[in-house]
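For reference, the chains in residue letters:
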Amino acid sequence: HGTPPVATQDDEALSSSASRRSSMVAEHLCVPQAQATESGVLKVSLALAMRSWNIHRPPLVCCPYHAHTDRLKDEARSLAKKRCRQDFYPFCKTQCVSCKSLGLEETNSKCPICQVGFMKAVPDKAPTPATSP
């Protein structure tokens, strides 16, 4: 499928980045007041994004799907090389009660990702833990 993979410095950088993430003692959610979005939902939202792209299909790529996944990898590598952005935040006005995707949709509207659940408001801030005396 797709074009044959070729190991590059980018692959090594992404691999070491993954290693740094996996060696962390505790992971923190980017939006702590919302629930984690699961892997399957991430795949669905990426597939939906790819369907909105009109890209060139290189002659050696087997199909449009793999042309898109190859391009997705290229663009992800390019974005990963950019400087850190502490000001980057996911959309977090609402979260689907079913698939846990985040969005800007109105509360109680149908989820644009799973088309099953409805969007629930995400609190502005994470609840502060109760302090013990």
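Up top you'll find the structure we're talking about.
Thresholds, definitions, all that
- Residues numbered from 1 in each chain as written.
- Predicted model: local features only at pLDDT ≥ 70, side-chain atom pairs only at ≥ 80, totals over all residues.
- Heavy atoms only, no water.
- Core = buried A, V, L, I, M, F, W, Y, C linked by side-chain atoms within 4.5 Å.
- Buried < 20%, exposed > 50% of the residue type's maximum accessible area, 1.4 Å probe, protein only.
- Contact = heavy atoms within 4.5 Å.
- 1 Å grid on protein atoms, 1.4 Å probe; cavity = no way out; pocket = protein on both sides within 12 Å on 5 of 7 lines; lining within 4 Å.
- Points joined across faces, edges and corners; volume = space filled by probe spheres on them.
- Helix = DSSP H or I, 4+ residues; strand = E, 2+ residues; numbered from the N terminus.
- Nonpolar A, V, L, I, M, F, W, Y, C, P; charged D, E, K, R; others polar.

Describing the nonpolar core
If you look at the biggest cluster of nonpolar residues, it comprises 5 residues: Val41, Cys96, Cys99, Cys111 and Met119. Discounting residues that sit within four places of it in the chain, Val41 has contacts with Cys99, Ser101 and Ile113.

A short note on the layout of surface pockets
Here the largest pocket defines a volume of roughly 2,200 Å³. Lining the largest pocket are 43 residues, and of these Cys30, Leu42, Phe88, Tyr89 and Pro90 lie nearest its centre. Elements supplying a minimum of two residues to the lining of the largest pocket: α1 (9-22), α2 (39-50), α3 (64-80) and β2 (102-103). For the lining of the largest pocket, the leading source of residues is α3, giving 6 residues. Grouping the constituent residues of the lining of the largest pocket by class yields 26 nonpolar, 9 polar and 8 charged.

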